[in-house]
Amino acid sequence: MAVSHRVWFLAGYLLVLLLAGCKARIHKLSLKNEIRSAVDLNNFGFYANGTLDVKLHSLIIPDKAVNYSLNPVGFSLSRSRVNGVLSYTAEEPEICPLTLTSVANKEPLVLFLIDINTLSVTVKAMGDQDNLLIAKPKAETPKVQRKRQAPANPGEAAGEPKNQKADDSDAAKPKDNPVETQAADPKPKVEPEGKTKPAVEDKKTDEKEFLLGKTKQLSLDLGRVNNSYNFSFHIIVGELAEGLYSLKFHYCKNRLPGLKHPYSFTVEVTEKNPGGYLSAAEIPLSRLYIGMAGVFFTAALVWVYTLMKHRYSVFKIHWLMAALAFTKSTSLVFHSINYHFINTEGHPIEGWAVMYYITHLLKGALLFITLALIGTGWAFVKYILSDKEKKIFMIVIPLQVLANVAYIIIESTEEGSSEYYLWKEILFLVDLICCGAILFPVVWSIRHLQEASSTDGKAAMNLEKLKLFRHYYVMIVCYIYFTRIIAILLKVTMPFQWQWCYEFLVEVSTLIFFVLTGYKFRPASNNPYLQLPQDEEDVEMDEVVTESGALEGISKVKKTSNGRDRQKESTL
């Protein structure tokens, strides 16, 4: 018990720490001394008029390590092929995407190539698209800039001498050549009547709009502060190009084997659809979760009513099943609220997110504990678990807590961080181990029911229980395969705006599994799992103790009435 308390305390402590950095759909990622050649920043489903805002606050790269013609540095924004099945990188994984000059599938692809030597960002648009790019174009050549900053006197421009007094005199008369004076002053004077007007004009002159379907290549301005580089761009998705997009950062030099060159950057990414900050596949989830919460709550009430109606055959495991149904419903309610605030605010409200993760943690633990207890026959047939069954619980419960902690870390960590993929692999592996572990008690119970049906003279009853356990085993296997494999395959084959159906199928399959489990093990007199033995000898049976299964090592103690048999033996 002490170990279990430590596990739960550690899970709660990690939960509070992780939620402090959760940014949801407004992403801010900082990487230091990174050596990956490609960093997946995010995947997002855009409807028409959806917006993508990317701000590279700082980029620090080793100057001598990069040959920008052979190993470019920059961003790629690509729409997935076949509505989310494959991206363009699946075609030629050995080639850096920033070196592509065309795409065969005509899918929209936008490349942002950073060149620190010329302080410019070259934008290349490929494929069929009508996306609108809003960014600050590259400033004019240095010659033009020097010409603008030249003095207004043509004599001085020709190289004629001029004394300082004339200089001061000309500087004191800005009205002599107002056009050139205005060009030389990069910040226009603020008018007293409308102070915000010059700022708006500056923004309009700094940023321009480019239709990427017609403008195949352009150059943007790259800012520099000491050894750090920055730029930003804003994209409005058109009707023709809506879909599931992937934004990545590439450092192609590190694709080559050998010495890796570390780099650092800080980027802020904001993605938004016309209806809010959720991706196209996530917009219906808030309504889906609140609807399914109502269905699970109704099912829980029906189950409690059934327990109250059949009190004579209710066991502790039945109330544990009711607690699981109510916890599942509560978790869905908080999940719905969490998505609602993400959609409206761009990030979750910390209090609601904490409640969701706590209920999600409890639901996951209760689910595997309940399934394992039903599989061992606890409370139905016996009240003592064997050593093997205890070991299963000692493995499953900590692993299930670890799986939920991994899920929380994935939800609260930016996709581009290295920890994201590590915990994603941990979650997948631990979840498979837990799903396989809960099948062992069921298999043990089936095996020992088969043995008992041919040895103890109660073949009919044991065969009925054996059939029930086999059905339960098939139910668990189907539930695991459908929620872990089939539903995922359906997700990657659906159009991007229908991928929320994956969550719908998982919730519906969970509901069906709960209902079938409750029906199979309902507290009713005609349930073969709960039928009492009929002969007097079995009624007088004491508790059943097993070593490795439901009916292994059965010991019977035949009770006598008032010691009559013992007296007869003594007289003999």
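Chains are numbered independently. Their residues run from 1 in the order of the written sequence. Only residues with pLDDT of at least 70 get local features here, since the model is predicted, and only at 80 or more are side-chain atom pairs given and counted; chain-wide, interface and lining totals rely on the full set of residues. Excluding hydrogens and water, the side-chain figures rest on all heavy atoms present in the structure.

A. Structural context of the overall build of the protein chain. Looking only at helices and strands, one finds 16 helices and 13 strands in the protein chain. Summary of the burial criterion: residues with accessible area below 20% of their type's maximum are buried, those above 50% are exposed, and those between are partly exposed, where the area comes from a 1.4 Å probe applied to protein chains only. Per-residue burial for the protein chain yields a buried fraction of 44% across its 572 residues. By definition in these notes, contact holds between two residues if any of their heavy atoms fall within 4.5 Å. Summarising the internal contacts of the protein chain: among those between residues at least 6 apart in sequence, 78% fall at separations of at least 24. We get accessible surface area from the Shrake-Rupley algorithm with a probe of 1.4 Å; when it comes to residues, only the shown protein chains can shield them. A total accessible area of about 31000 Å² is found for the protein chain, and carbon and sulfur atoms account for 59% of it. Only DSSP runs of H or I reaching four residues or more are called helices, and only runs of E reaching two or more are called strands; each is numbered from the N terminus.

B. Fine view of helix α11 (residues 418–437). The length a helix should cover is 1.5 Å for every residue beyond the first. Compared with an ideal rise of 1.5 Å per residue, which puts 20 residues at 28 Å, α11 spans 29 Å between its outermost C-alpha atoms and is within 8% of the ideal. Among the residues of α11, those classed as buried are Tyr420, Val430, Asp431, Cys434, Cys435 and Ala437. Here the buried residues of α11 occupy an arc of 150° about the axis, which is enough to place them on one side. In α11, the exposed residues that point more than 90 degrees away from the buried face are Glu425, Phe428 and Leu429. It is the directions from the helix axis to the C-beta atoms that the arc portrays.

C. Molecular detail of the nonpolar core. With 54 residues, the main nonpolar core has Leu367, Phe368, Ile438, Tyr472, Ile476 and Phe513 as its most contacted residues. Every element with two or more residues in this core is listed here: α7 (285–309), α8 (316–345), α9 (350–376), α10 (387–412), α11, α12 (439–453), α13 (459–493) and α14 (501–520). Buried residues of nine kinds, namely Ala, Val, Leu, Ile, Met, Phe, Trp, Tyr and Cys, make up a nonpolar core once their side-chain atoms join them within 4.5 Å. By size, the runner-up hydrophobic cluster in this structure holds 43 residues, among which are Val39, Leu77, Tyr229 and Val269.

D. Molecular detail of the confidence of the model for the protein chain. Model confidence for the protein chain is summarised by a mean pLDDT of 75, while 69% of its residues fall at 70 or above. Per-residue confidence from the predictor is reported as pLDDT, a score between 0 and 100. Least confident of the elements in the protein chain is helix α5 (residues 178–184), whose mean pLDDT is 38; most confident is α7, at 95. Note on residues 13–24: pLDDT under 50 across the span, and 23 contacts to partners over four residues away in sequence or across chains. Below a pLDDT of 50 lies the segment residues 144–204, which in the model reaches 21 contacts outside its immediate sequence neighbourhood of four places, other chains included.

E. Up close: the pairing of strand β7 (residues 132–135). Pairing between two strands is assigned when DSSP locates at least 2 bridges connecting them. In the sheet, β7 pairs with strand β8 (residues 208–211) via four bridges, with the strands oriented antiparallel. Its bridge partner being in β8, Ala135 is matched across the sheet by Lys208. Relative to strand β11 (residues 228–236), β7 runs antiparallel, the two sharing four bridges. Each bridged residue has a counterpart across the sheet, and for Leu132 the counterpart in β11 is Ile236.

F. Local environment of the state of the cysteines. To count as a disulfide, a pair of cysteine sulfur atoms needs to be within 2.5 Å. In total, this model carries one disulfide according to the counting rule given. Cys96 shares a disulfide with Cys252; S-S distance 1.6 Å. One end of the pair, Cys96, is in the loop between β4 (73–79) and β5 (109–115); the other, Cys252, is in the loop between β12 (243–251) and β13 (263–272), with 156 residues separating them in the sequence. Judged on exposure class, the residue Cys96 and its partner Cys252 are both buried. The thiol sulfur of Cys434 is not disulfide-bonded, and the nearest other cysteine sulfur, from Cys435, lies at 6.9 Å.

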